[in-house]
Amino acid sequence: MRSLDCALYLWIMTSLSNAQFNRPAEGDCDPYYLQYTDLVPEVDIATFLHTQRDWYGDWIESQTPEDAQYRYAEGKWSLAEMIGHVMDTERIFAYRMLCISRNDKNNFPGFEQDDYVRQSVYHNVHPVDLANEWRAIRSSTLYLLRHMNAEMASRIGTANEKQVRVSVFPFIMAGHVVHHYRIAQERYLTSE
């Protein structure tokens, strides 16, 4: 672990109250998101997000440019686009988490993932650059968590016309990565 990464990890682990980011309970979010939160093991979510930043970044970086441009079927995202989708989604969820934690009462809009991917250049981004971007995005999410207190984490707001508690977002983001990593293993990186 690089010294800066180690410092971030220690700072998060010694400064973040685990009680404010409990596993989602019934009514904390739309049931749709449980498909992601259920993929997160019974661990401290801040620790999981930190270690996920590293192993997922390392996995992205290990892909060849040819792997990254592979599409398992016509009309499907390339592996690089799928990774880009994960990054776009993390940014959007982190923004929602920020706004709701600050008691913003707006309804934050949904987004059409296929449109976002179509309007991106992720398909042509080298895996090393994708990995570095991923690490930066997740590090930003970790700092956002670090600077929340229990009151902020307990706030409820509206995103995509659905009620959601701030404390659920870390679990959604973590599970979303696991979900797409599994898709990558099953559909993109299978031996022929």
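Summary of the structure given here. These numbers come from a predicted model, not from an experiment.

1. As for the packing of helix 3 (residues 45–61) against helix 5 (residues 79–101)
Helix 5 packs onto helix 3 with a crossing angle of 155° between their chain directions and a minimal axis gap of 12 Å. What the angle tells us is that helix 3 and helix 5 run roughly antiparallel. Our pair here, helix 3 against helix 5, has a crossing hand that is left-handed. Taken together, the residues of helix 5 that come into contact with helix 3 (itself represented by Tyr56, Trp59 and Ile60) are Leu79, Ile83 and Val86.

2. So, the pattern of salt bridges
Oppositely charged side chains can form a pair if their charged atoms are brought close together. A full pass over the atoms with the stated rule returns 12 salt bridges. Residue Asp28 is joined to Arg165 by a salt bridge in which the shortest nitrogen-to-oxygen separation is 2.8 Å. Pair noted here: Asp28 is in the loop between helix 1 (3–15) and helix 2 (34–37) and Arg165 is in strand 3 (residues 162–165), with a separation of 137 residues, a long-range link. Residue Asp28 is classed as buried on the basis of its relative accessible area of 10%. Here Asp58 makes a salt bridge to Arg135, at a shortest N to O gap of 3.0 Å. Residue Asp58 is located in helix 3, and its partner Arg135 is located in helix 7 (residues 127–146); the two are separated by 77 residues in the primary sequence.

The rules behind each value
Residues numbered from 1 in each chain as written. Predicted model: local features only at pLDDT ≥ 70, side-chain atom pairs only at ≥ 80, totals over all residues. Heavy atoms only, no water. Axes fitted to C-alpha atoms, helices over the stretch in contact; angles between N-to-C directions. Helix = DSSP H or I, 4+ residues; strand = E, 2+ residues; numbered from the N terminus. Parallel < 35°, antiparallel > 145°, perpendicular 65-115°, else oblique. Left-handed = near helix turned anticlockwise from the far one by under 90°. Contact = heavy atoms within 4.5 Å. Salt bridge = Lys/Arg side-chain N within 4 Å of Asp/Glu carboxyl O. Buried < 20%, exposed > 50% of the residue type's maximum accessible area, 1.4 Å probe, protein only.

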